[in-house]
There are 4 protein chains.
Amino acid sequence: MLESGKPRDECGVFGVFGHPEAAKLTYFGLYALQHRGQESAGIASYQDGTLHAHKAMGLVPDIFDDDIIASLPGDTAIGQVRYSTTGGSNIVNTQPFVVRHNMRTYALAHNGNLVNAHILRKELEETGSIFQTTMDTEIFLHLLVKNLKLGFEGSLLKTVEKIKGAYSFVLLTSKGEMIGIKDPNGFRPLCLGKLDNGNYVLASETCALDLVEAEFVRQLDPGEIVIISKDGIRSIHMPVPEQKSFCIFEFIYFARPDSNIYGHNVYSMRKRMGQILARESHIDADLVMPFPDSGNYAAIGYAEHSALPFEMAMIRNHYVGRTFIQPSQTMRDFGVRVKLNPIKSVLEGKRIIIVEDSIIRGTTAKTRVKALRDLGVKEVHMRVSCPPHKFPCHYGIDFSSSGELVASDKSIDELRDYLGLDSLHYLSLQGLLESTNVPEPETMFCKACFDGCYPVAFDDSVTKDCLELM
Amino acid sequence: MLESGKPRDECGVFGVFGHPEAAKLTYFGLYALQHRGQESAGIASYQDGTLHAHKAMGLVPDIFDDDIIASLPGDTAIGQVRYSTTGGSNIVNTQPFVVRHNMRTYALAHNGNLVNAHILRKELEETGSIFQTTMDTEIFLHLLVKNLKLGFEGSLLKTVEKIKGAYSFVLLTSKGEMIGIKDPNGFRPLCLGKLDNGNYVLASETCALDLVEAEFVRQLDPGEIVIISKDGIRSIHMPVPEQKSFCIFEFIYFARPDSNIYGHNVYSMRKRMGQILARESHIDADLVMPFPDSGNYAAIGYAEHSALPFEMAMIRNHYVGRTFIQPSQTMRDFGVRVKLNPIKSVLEGKRIIIVEDSIIRGTTAKTRVKALRDLGVKEVHMRVSCPPHKFPCHYGIDFSSSGELVASDKSIDELRDYLGLDSLHYLSLQGLLESTNVPEPETMFCKACFDGCYPVAFDDSVTKDCLELM
Amino acid sequence: MLESGKPRDECGVFGVFGHPEAAKLTYFGLYALQHRGQESAGIASYQDGTLHAHKAMGLVPDIFDDDIIASLPGDTAIGQVRYSTTGGSNIVNTQPFVVRHNMRTYALAHNGNLVNAHILRKELEETGSIFQTTMDTEIFLHLLVKNLKLGFEGSLLKTVEKIKGAYSFVLLTSKGEMIGIKDPNGFRPLCLGKLDNGNYVLASETCALDLVEAEFVRQLDPGEIVIISKDGIRSIHMPVPEQKSFCIFEFIYFARPDSNIYGHNVYSMRKRMGQILARESHIDADLVMPFPDSGNYAAIGYAEHSALPFEMAMIRNHYVGRTFIQPSQTMRDFGVRVKLNPIKSVLEGKRIIIVEDSIIRGTTAKTRVKALRDLGVKEVHMRVSCPPHKFPCHYGIDFSSSGELVASDKSIDELRDYLGLDSLHYLSLQGLLESTNVPEPETMFCKACFDGCYPVAFDDSVTKDCLELM
Amino acid sequence: MLESGKPRDECGVFGVFGHPEAAKLTYFGLYALQHRGQESAGIASYQDGTLHAHKAMGLVPDIFDDDIIASLPGDTAIGQVRYSTTGGSNIVNTQPFVVRHNMRTYALAHNGNLVNAHILRKELEETGSIFQTTMDTEIFLHLLVKNLKLGFEGSLLKTVEKIKGAYSFVLLTSKGEMIGIKDPNGFRPLCLGKLDNGNYVLASETCALDLVEAEFVRQLDPGEIVIISKDGIRSIHMPVPEQKSFCIFEFIYFARPDSNIYGHNVYSMRKRMGQILARESHIDADLVMPFPDSGNYAAIGYAEHSALPFEMAMIRNHYVGRTFIQPSQTMRDFGVRVKLNPIKSVLEGKRIIIVEDSIIRGTTAKTRVKALRDLGVKEVHMRVSCPPHKFPCHYGIDFSSSGELVASDKSIDELRDYLGLDSLHYLSLQGLLESTNVPEPETMFCKACFDGCYPVAFDDSVTKDCLELM
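In this text, all values refer to a predicted model and were calculated from it rather than measured experimentally.

1. Looking at the overall build of chain A
Along the backbone of chain A there are 16 helices and 23 strands. Since a compact globule built from 470 residues should have a radius of gyration of about 23 Å, the 23 Å found for chain A is in line with a globular shape. Once the C-alpha set of chain A is aligned to its principal axes, its extents read approximately 70 × 50 × 45 Å. Residue pairs at least 24 apart in sequence account for 68% of intrachain contacts in chain A once pairs closer than 6 positions are excluded.

Pasting the structure below:
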């Protein structure tokens, strides 16, 4: 089992090579990727053989200002946004992670999770390595410098041979090279873009390319190492398995709706999930509504297919995210109302269908359903635009133990009762794959969180039996 | 003419009488009214003959914490959120405004704008009054204490006799009374609610009652003064004109969609505006979309009536509101993209109808339309859910000179070209009135911003001729 | 009796006329006067008929930065540092106090205390004035505008005729005049200086003139109003009593040692107090030491006259003033040690004479004496460089009730025992007057805190009998 | 040569074993040692096999509050205050430095400087170590874990065998041991104290023991490793050279005056330096004065021996340390006056002797002397209570290159003229040694900064010829 409390590697990475305002572009790239990690952010830049870095806890606009950007000179820079555990001392776990070795400096930004991290760490410690962080990123860099006698590329290849799991790295060296690395299964997104001036950008999602007005070139291949330097761009390819394992949850929830993944727009895919969900599980009702904002797109698709009215009958409060004083004891549904404002006159006495993108712990959904009932809603039906989450993710999404997953030990009927619903229906795995519009979707995705079929063996090296979901 | 640069009185007010956590309830009341004013906020509380106050620039959750709430003891409190000009020194213009006179203290929160403020101020100064602020609120209190020889109620009546314009006041005295006052035309909303414990709440909108779980009792009548004290509740009524003048822009844009005004839900009214707009001005297109969030509801109504697909094809960025580093010069559409993320694959090559709630200056709309064109949208049609804004507001909404109103001197065709649209259509005034579902709507609303027909003469006392819009 | 809890007016004021960096010079003037008030500060500047102001709670260097100084344009500015009660909401009690009246603006900075404030306030309120603060400053401005029909000068004279007590004002008007006003008794210091460019500066103490490199011209006379404008400088004089009442406590403790008052240097006077104290009360001992820093100068004088070694045997901690975590229960003398570091090897087994400038409440002295005893000091003798403080001050120093004064109801012997001393001796009033080197000192000073002989009747208008101290 | 810009290791360290409020005691220990490093501070605590840490840039009282102390549980803790280069990103160079290795955690606080750091770092990097900081501390920990196969103590001994230079370490392990280590030459102070409850404390100076009310036990011996654990206390001793090398500059300037070093009080020694300085170099004058605060004690000794009046004729400003707005161009001596207030009436026309503890760059002294001349001082003589600083320190004091030392290439006469003095005299090395009262002082101290005689060869391994100063 994974260590409990291990900081999860939900992250966004970005890098730009050869732009006079590299740090500023990286700032905007990170701003566009803010949804991938809201607890810390950092930028490292390269100028004349030296790396400069600034990182801190908080949101991108709160961490950087003009003075800080000015302190990150040079025309190449990388950055990261990150979700990790809270607390002042965890500033050590911010990224890009910067180390010095033999007069060279390396800065590394990482999105993913290594499943053999604890084994590698043990091996390294036995040969005298010491660690300052609990991040996989530190392991990668230890391995990299250990093998530098093989040359830089040789060491890179040796290093990726040893690490197992999900990783999309952006690496910056004090020789001014920017390197993008994607694991052989291709779990996490990482794409290449091109600036007006012909130089390259790396980004977790295409939405970051759009904001900095870089043209999308392509997704990195699984197992690709792309090296960008003054000498141009070239790629090395690791051996890859036949079955690809792109994280399907990126489509369902994680990616920004205006991003494209493998040529397919996320917004459109989410709408299609809603349409197929309606096809699979229609029920008569007065209206369809999302819990905003993550359920919006599938709900629009559901409403369209079912020809029921779409209503934004719970409105998101714009000031959520700030810290609040705890409510008075007399205020019952405060936890719901402070985030969502339900429109009583639209909801009262109605039969409603709520379209949700996914249910993880179920606690929020349960509370909201109760608040709707208290308001006088007549029937509450829920439709979820993916199959039930029954298995933890070991590749970088923050539901790492099955105990956190409300669907792990409950039947659909039990869940329906637990959540207080009149009916509950999940999108089938087949429906989900169909919605992606990707050809041969069975060979493309990691869907371990639904079927327990883990593409890369983790930890005690035993692959569980997979569920048959199709 | 009004002074240029005069702080506008867009505000929300709230008050609670007789609750052991009065300041905390007021905090939540203000939080629910945050959309009415985001530049400053304040709370004043009453305990044992003494008033306590705290006010500051910023958002409600940023201004108050548990310690500050604890420093506002007592079971009666009032508060205000406010939009005014920025700048550290303008802390003096925050509210509630607190003054001392003859061992008594008064705290006042105000939503509205007095049209004879400069005349009253001049008169007061001639008899020796000095002013610390530029707020109408200060004038009200000067007048109040001048006439206290008539008794407190006598003085209140004398004072409202002198002031002209739009005002919804909540007043707290060091005798522990809470008073709500609405001007005879009833420009601004102010409603009465009741707590579980039988005590009363005053609030600009019903959404604030909902959050603190107070039951809605009724809107204050135009010209009503409601006095709440240990002796109970009673009302005094000023003489009122036949024609009412409730601000119709509250329905169109200003109020929160989950609020009810005069028994009518704002969300539903906005949807109806969209439906009637579709009825009046339908054109064939591929999709209907809002500029989120203010256009959402009318767009849903429009799509429903026209049976066109509703798409959220520009997605609002959640981190807007924070300060940003200025973009690189190479980033062209940054101003749009930093706030809204357009979904290219949904928009490219399409004929789209954008439904907007209103167009004031037109600059934002113009930039957004251009960004959509740059993205490859084929046709851009705009439908606006109210008539053109041709006249400034003198009753508390922040478009105080006609120079700020793009429609003031342009025909619809000129506007269409200016905004870069393929077609442009506004909701008719009749359609707008119909959408409110209010009986005899012609006698109920101030619609001066559309027709220049000002219900209360301002300044140089000459009422302009009204436009015939019906 | 004075209102309890009334904010005390310990303050420093400063003004500069006709310098292109007026606000910046005022900043430095206030910085030099920081010892006169550490709780808030503010600056108001004049440019082209408009006044600009910034004020806040805190120390001068923490309140102002380059941007704020830049927001205070113009070549005339005034400022104030202030000691008052703490708390966020007391931002209203900061100065300069700015008011508007009849298109004119006035900014006023005040050092002192009006003894008839409550009577004047009552009178004003009866004619309709309202108050926002509890400061005397506001009363002055109300009176000023009430009488403007007499002309500005006429109104000034009428106003000072009505107010009683201690005041040194610096007033700035939106006509660009800077006015200094000192009460007829001359309680508080206020001096005139001249810049290189021939223009004038007003300051509470000469040390502020030194820092901005202005030449000292003279102290304002008691009862002088000096008006500085584009037309030059001129003075008006109010009628004054024969007996002057300069606060002798400024010499003893309050003023900065490098200031000169009435031509006499404060440092030298304090040394002389120590010398005369030694002459009056010498006792054999091993060393003389101060409680730093306020006792330093008298201690040097005492050591010099007595030919005993001067030792800095308790060393002041530089980081005092910052907030501390409360100490562990096991740490006994923490309260002393956190501020002063006693040198055990210098003190152990010794007979020591501590020279203090004054004893107000006695609590700090008592704790320190105990800490010295615990350290193994053999004999502790204390010599105080002024007579016992037996009476409260009503003219602007913060010991406003006799209950706060440990000497008010104790004999010297009782005090010695209370403080845990082997011997205690105060400087005689005659010795104190002699130390000032001022000719005819009996006619020059307010010494009411020693003898209860109040030069200006306060409140219930009954002058107490004075003690015979000479 | 040392790397230029290398962060200097001026520091204070502290540790407490076996006290329920270990982190709080450490906080106070660091507060007492604040003078040894004002740029960052940190605390690490041990509880049940886990280390907790918090560190940040800034002063101790600004970094820690009750919540942070509460987040550092356990009955053993260590801490450090540090002077290093500035800048946000240097948070990585704060201490205690915490690393993880083989399920164990180590926290290390360091005072000193390793002279073979760059060689060790190179060796370590060649075997694959990576570094995150530029601190010697990191090297120590790399070496420690490399040799853990020798057992913990074996590894400690192996590690100290390899490192050369000045070091006083406090180490905390996740087995709950606290270890103090002093280099064989004994450059930096580190002493042992005992709490009331019988448990032990380690501290750079005795003043920290005093504040937490621990009894002084003894200085650690040069080359001593003291291991404190649940099993009690025991020491290991490295081989040591005959000649000891305690830093004599600790006596002259660095240590707090209320500390004792090797049984001798620092305050008394500084007074004695002043007395011997007067004996060696007396000149007739009107007064003796220090530049406060560092020169105070030698000046008192000088005045006492020469029977000249001691005057505090330049008074230190209490608010120094805060950031200031840059002065107006017209303000000439601002740089002096903002820190020190000279008393003109005491100084004008006088012949004065300034006693300084040391002159490093000479720039401050030069400016101050000029300011005194401008004030009208007749003669300015300077007496310095140590010999001229001619050689850089490689053992942890921040004057690391001879270019920074004004005396390195100037004769006394040249210096006198450079500083604008009438006469200049330094204390002789013999006089300095005599003042320490230490028996056989020639064998006890490092005085390399005066005579270039470096006790431990640094870098290019060539010991320079020493100056003959005696």
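2. Quick look at the domain arrangement of chain A
All names here are of chain A. Entries for chain A in the domain assignment read domain 1 (11-240) and domain 2 (266-442). With seven residues of domain 1 at the interface, the matching set in domain 2 holds six residues. At the boundary of domain 1 with domain 2, total buried surface from both sides reaches about 500 Å², with 61% on carbon and sulfur atoms. A per-residue breakdown of the area domain 1 buries against domain 2 is headed by Asn-113, Phe-187 and Arg-188, which together make up 57% of the total. Tallied by class, the residues present in the side of domain 1 that touches domain 2 amount to four nonpolar, two polar and one charged.

3. Focus: the interface of chain B and chain C
Contacts between chain B and chain C engage 23 residues on the former and 25 residues on the latter. When chain B packs against chain C, the two sides together hide about 2,100 Å² of surface, and 51% of this comes from carbon and sulfur. Among the residues of chain B in contact with chain C, Arg100(B), Ile130(B) and Gln132(B) are the three that bury the most area, contributing 34% of the side total. On the surface where chain B and chain C come into contact, there are zero salt bridges.

4. Digging into the environment of Phe458(D)
All names here are of chain D. In this structure, Phe-458 sits in the segment after helix 16 (448-451). Spatially, the C-alpha atom of Phe-458 lies 22 Å from that of Leu-156, the residues being 302 residues apart in sequence. When neighbours within four sequence positions are excluded, Phe-458 is seen to be in contact with Val-115 and His-394.

5. Regarding the interface of chain C and chain D
On the chain D side, the residues contacting the 65 residues of chain C number 65 residues. Taken together, the links from chain C to chain D amount to two salt bridges. For Glu311(D), the salt bridge goes to Lys271(C), with nearest N and O atoms at 2.2 Å. The interface formed by chain C and chain D includes 12 residue pairs in polar contact (both at pLDDT 80 or more). It is helix 1 (residues 22-32) of chain C that provides the largest number of residues to the side of chain C that touches chain D, a total of five residues.

6. Examining the side chain of Thr436(A)
In this fold, Thr436(A) is placed in helix 15 (residues 429-436). If we ignore the near neighbours within four places in the chain, the residues touching Thr436(A) are Ile248(A), His264(A), Met269(A), Arg272(A), Pro441(A) and Phe445(A).

7. Here's the deal with the pairing of strand 6 (residues 104-114) of chain B
Residue and element names in this part refer to chain B. Most of strand 6 is tucked away, with 10 of its 11 residues classed as buried. Where strand 5 (residues 97-101) folds back onto strand 6 in an antiparallel hairpin, the turn is made up of two residues, including Asn-102, whose phi is positive at roughly 50°. Two strands pair when backbone bridges link them, and strand 6 and strand 7 (residues 165-173) are joined in this way by nine bridges, in the antiparallel orientation. For Ala-109, the partnering residue across the bridge sits in strand 7 and is Val-170.

8. With respect to the pairing of strand 5 (residues 97-101) of chain D
Residue and element names in this part refer to chain D. Judged by how many residues are buried, strand 5 sits mostly within the fold: four of five residues are covered. Taken together, the five bridges between strand 5 and strand 6 (residues 104-114) define a ladder with antiparallel strand orientation. The partner of His-101 across the bridge, within strand 6, is Arg-104.

9. Thoughts on the sheet that holds strand 12 (residues 224-229) of chain C
Residues and elements named next belong to chain C. Across the sheet, which stays open at both edges, the six strands sit in the order 5-6-7-8-12-13 with antiparallel pairing between neighbours. Each edge of the open sheet carries a strand with a single partner, namely strand 5 (97-101) and strand 13 (232-237). Across the sheet, the axes of successive neighbouring strands diverge by a mean angle of 20°, strand direction being ignored. Where strand 8 (residues 178-182) and strand 12 come together, four bridges link them in antiparallel fashion. Looking at the pairing, Met-178 lines up with Ile-228 of strand 12.

10. What about the relation of the copies chain B and chain C?
Rotating chain B by 179° and translating it 0.1 Å along the rotation axis places it on chain C, where the RMSD comes to 0.1 Å. The symmetry that links the two subunits is that of a two-fold axis. Residue Ser129(B), judged by its C-alpha, is the member of chain B lying nearest the rotation axis, at 3.1 Å.

11. Re unusual backbone geometry
Peptide bonds are trans in most cases, and residues, glycine excluded, mostly fall at negative phi. Between Pro292(C) and Asp293(C) the backbone carries a cis peptide bond, its omega angle lying at -5°. By the element assignment, Asp293(C) lies in the loop between strand 17 (287-290) and helix 10 (296-306). At Met103(A), a position not held by glycine, the phi torsion is positive, near 65°. Here Met103(A) is to be found in the loop between strand 5 (97-101) and strand 6 (104-114). Backbone geometry places Tyr262(D), a non-glycine residue, at a positive phi of 50°. Its location among the elements puts Tyr262(D) in the loop between strand 15 (260-261) and strand 16 (264-265).

12. Quick notes on the relation of the copies chain C and chain D
Taken as rigid bodies, chain C and chain D are interconverted by a rotation of 180° and an axial shift of 0.1 Å, the fit giving an RMSD of 0.1 Å. Here 100% of the interface residues in chain C have copies in chain D that are interface residues too; the copies meet face to matching face.

13. With respect to the pattern of salt bridges
For the coordinates displayed, the defined rule picks out 80 salt bridges over all chains. For the salt bridge of Arg351(C) with Asp284(C), the shortest nitrogen-to-oxygen distance reads 3.4 Å. Placement of Arg351(C) in strand 20 (residues 351-356) and of Asp284(C) in the loop between helix 9 (266-281) and strand 17 is noted, with a sequence separation of 67 residues between them. Salt-bridge contacts for Lys122(D) lead to Glu126(D); the nearest nitrogen and oxygen are separated by 3.9 Å.

14. Digging into the environment of Gly186(D)
Residues and elements named next belong to chain D. By the element assignment, Gly-186 lies in the loop between strand 8 (178-182) and strand 9 (191-194). Each C-alpha atom of the pair Gly-186 and Pro-342 lies 41 Å from the other, and the pair is 156 residues apart in sequence. If we ignore the near neighbours within four places in the chain, the residues touching Gly-186 are Pro-222, Ser-245, Phe-246 and Tyr-262.

15. Concerning the side chain of His142(A)
As for its placement among the helices and strands, His142(A) is situated in helix 5 (residues 136-146). A residue is classified by how much of its surface remains accessible, and His142(A), at 0% relative accessible area, is buried. Apart from residues no more than four positions distant in its own chain, His142(A) is found in contact with Leu124(A), Ser129(A), Ile130(A), Phe131(A) and Ile130(D).

16. Here's the deal with the UniProt feature "binding site: [4Fe-4S] cluster" (unreviewed entry) in chain A
All names here are of chain A. Using the residue numbers shown here, the UniProt feature "binding site: [4Fe-4S] cluster" (unreviewed entry) corresponds to Cys-247, Cys-393, Cys-446 and Cys-449. In three dimensions, the annotated residues from a span of 203 residues occupy one location, with a maximal C-alpha spread of 9.9 Å. Along the chain, Cys-446 turns up in strand 23 (residues 445-446). Here Cys-446 falls in the buried class, since its relative accessible area comes to 10%. Excluding residues that lie within four positions of it along the chain, Cys-446 makes contacts with Phe-187, Ser-245, Phe-246, Cys-247, Ile-248, Tyr-395 and Pro-455. On the secondary structure map, Cys-449 appears in helix 16 (residues 448-451). Under the relative-accessibility criterion, Cys-449 is labelled buried at 9%. Discounting chain neighbours no more than four positions away, the residues touching Cys-449 are Pro-388, His-389, Lys-390, Phe-391 and Phe-399.

About the thresholds
- Residues numbered from 1 in each chain as written.
- Chains lettered and ligands numbered in written order.
- Predicted model: local features only at pLDDT ≥ 70, side-chain atom pairs only at ≥ 80, totals over all residues.
- Heavy atoms only, no water.
- Helix = DSSP H or I, 4+ residues; strand = E, 2+ residues; numbered from the N terminus.
- Rg over C-alpha atoms; globule rule 2.2 N^0.38 Å.
- Contact = heavy atoms within 4.5 Å.
- Domains from an automatic or database assignment.
- Buried area = accessible area lost by both parts, 1.4 Å probe.
- Nonpolar A, V, L, I, M, F, W, Y, C, P; charged D, E, K, R; others polar.
- Salt bridge = Lys/Arg side-chain N within 4 Å of Asp/Glu carboxyl O.
- Polar contact = N/O pair within 3.5 Å; in protein donor to acceptor, adjacent residues only side chain to side chain.
- Buried < 20%, exposed > 50% of the residue type's maximum accessible area, 1.4 Å probe, protein only.
- Pairing = 2+ DSSP bridges.
- Axes fitted to C-alpha atoms, helices over the stretch in contact; angles between N-to-C directions.
- Least-squares fit on C-alpha atoms with pLDDT ≥ 70 in both.
- UniProt positions renumbered as here; feature names shortened; annotations may be inferred.

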